[in-house]
Amino acid sequence: MKLAEFFKYIAYGELSQLAIGNSNQGEIALSDYPKLISHINLGLTQLHTRLPIRHNEVFLIANEGNQRYRLHTDHLTDNATSNEPKYLQHADLPFTDNLLRIEQVFQYNGDEVPLNDETAKFSAFTPRSDVLQFSQPISEVLSVLYRADHVRLPMKAGLDITSLNLDIPDVCIEPLLNYVTNRVLGSQSSSDALNNAAGYAIKFEQQLQQLERSGLWQTEMPTNLRLEKNGWV
């Protein structure tokens, strides 16, 4: 969906009676673009955090001198501007610090590494969302599958909203509308606006829970073929 279409939905619908919706004219004022886009960016991150909408992969070159690895672009082998240790390499898609949560880790032979399992001898752990820690040092190239965030929409006035995409499934549009409306109403001072904001927050949460139970998404499992493709074996 184009951002322009989303603006139409919210201007004619949830925000139609507010100044930001130009009083039911079906348009968002140019000066309000940054404010509304900031809410949309936050809503998209909420959706990507709660739902497995997007997954990416990054390769971790583990060495026996380290047990704790931060998955950050500072540690990419092709990052010439960083003085941090280099142990990450792009997979099929560039790694851009869009990691929300580490979901799975695989050895070069395709075997899955246990994750956050205290009963498994060779389990890896995630003490932080972007940190992978091993119970003992290893020397191996690993494939790390992670839940990825969306590409941020630029927050500035005068954007060509007809050229910007909301790259999410159609079933996520209504929850996003409710999230953005909650944020807009919640920034107002009147008790009516705050009460209405709470109602939209409840609808957003209910819709998310329904989508979480729907089973609409399936995670693609990386295999040793990806490591072979990149010349690791």
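Every value quoted in this text rests on a predicted model; they were computed, and no experiment measured them.

Draft legend 1. Quick peek at unusual backbone geometry. At Asp97, a residue that is not glycine, the phi angle is positive and equals roughly 60°. Along the chain, the position of Asp97 falls in the loop between strand S3 (88-90) and strand S4 (99-106). A residue is classified by how much of its surface remains accessible, and Asp97, at 33% relative accessible area, is partly exposed. Not every positive phi belongs to a glycine, and Asn116 is a case in point at roughly 55°. Examined against the element boundaries, Asn116 turns out to sit in the loop between strand S5 (112-113) and strand S6 (124-128). Judged by relative accessible area, which is 42%, Asn116 ranks as partly exposed.

Draft legend 2. Representation of the packing of helix H2 (residues 33-50) against helix H3 (residues 173-186) in the model. Direction vectors running N to C along H2 and H3 enclose 130°, while the axes themselves pass 9 Å from each other. Judged by the angle between their axes, H2 and H3 are oblique. Pair H2 / H3 crosses with right-handed handedness. Every residue of H3 that contacts H2 at Leu36, His39, Ile40, Leu42, Gly43, Leu44, Gln46 and Leu47 is listed here: Pro175, Leu176, Tyr179, Val180, Arg183 and Val184. The residue inventory of the contact of H2 with H3, partitioned by class, reads ten nonpolar, three polar and one charged.

Draft legend 3. Quick look at the packing of aromatic side chains. Counting across every chain of the model gives five aromatic pairs. Ring centres of Tyr69 and Tyr87 lie 5.0 Å apart, and the angle between their planes is 80°; on these two criteria the pair is classed as edge-to-face. Residue Tyr69 is found in strand S2 (residues 68-70), and its partner Tyr87 is found in the loop between S2 and S3; the two are separated by 18 residues along the sequence. Members of the aromatic cluster, connected to one another through ring pairs, are Tyr69, Tyr87 and Phe134.

Draft legend 4. Broad picture of the packing of helix H1 (residues 3-12) against H2. Where H1 contacts H2, the two axes come as close as 12 Å, and the packing angle between them is 95°. Comparing their axes, H2 and H1 come out roughly perpendicular. Mapping the contact onto sequence places Leu3, Phe6, Phe7 and Ile10 in H1 and Tyr33, Leu36, Ile37 and Ile40 in H2. For the contact of H1 with H2, the class distribution of residues is eight nonpolar, no polar and no charged.

Draft legend 5. Highlighting the sheet that holds strand S7 (residues 131-134). The strand order across the open sheet built from three strands is S2-S7-S6, with neighbouring strands paired in antiparallel fashion. Looking along the sheet, the strands with just one partner apiece sit at the ends: S2 and S6. Strand-to-strand twist in this sheet, taken as the mean axis angle between neighbours without regard to direction, amounts to 25°. Bridge analysis of S6 against S7 gives three bridges, and the strand direction is antiparallel. Paired with Phe125 across the bridge in S7 is Gln133.

Draft legend 6. How the structure looks around the confidence of the model for the protein. Of all residues in the protein, 89% attain a pLDDT of 70 or more, and the chain-wide mean is 88. Every residue in residues 220-225 scores below 50 in pLDDT, and together they form eleven contacts with partners more than four places removed in sequence or on other chains.

Draft legend 7. Representation of the sheet that holds S4 within the structure. With respect to topology, five strands assemble into an open sheet ordered S3-S1-S8-S4-S5, the strand pairing being antiparallel. Each edge of the open sheet carries a strand with a single partner, namely S3 and S5. Here strand S1 (residues 55-62) pairs with strand S8 (residues 140-148) via eight bridges, running antiparallel. The partner of Val58 across the bridge, within S8, is Val144.

Draft legend 8. Region of interest: the pattern of salt bridges. If you walk through the whole model with that rule in mind, you get nine salt bridges. Notably, a salt bridge pairs Arg50 with Glu212, separated by 2.8 Å at the nearest N-O pair. One end of the pair, Arg50, is in helix H2; the other, Glu212, is in helix H4 (residues 191-214), and 162 residues separate them in sequence. Overall, Glu212 belongs to the partly exposed group, its relative accessible area being 40%. A salt bridge links Arg128 to Asp130; its shortest N-O distance comes to 3.0 Å. Residue classification places Arg128 among the partly exposed positions, given a relative accessible area of 43%.

Thresholds, definitions, all that
Residues numbered from 1 in each chain as written. Predicted model: local features only at pLDDT ≥ 70, side-chain atom pairs only at ≥ 80, totals over all residues. Heavy atoms only, no water. Helix = DSSP H or I, 4+ residues; strand = E, 2+ residues; numbered from the N terminus. Buried < 20%, exposed > 50% of the residue type's maximum accessible area, 1.4 Å probe, protein only. Axes fitted to C-alpha atoms, helices over the stretch in contact; angles between N-to-C directions. Parallel < 35°, antiparallel > 145°, perpendicular 65-115°, else oblique. Left-handed = near helix turned anticlockwise from the far one by under 90°. Contact = heavy atoms within 4.5 Å. Nonpolar A, V, L, I, M, F, W, Y, C, P; charged D, E, K, R; others polar. Phe/Tyr/Trp six-rings, centres within 6.5 Å; stacked < 30°, edge-to-face > 60°. Pairing = 2+ DSSP bridges. pLDDT = per-residue confidence, 0-100. Salt bridge = Lys/Arg side-chain N within 4 Å of Asp/Glu carboxyl O.

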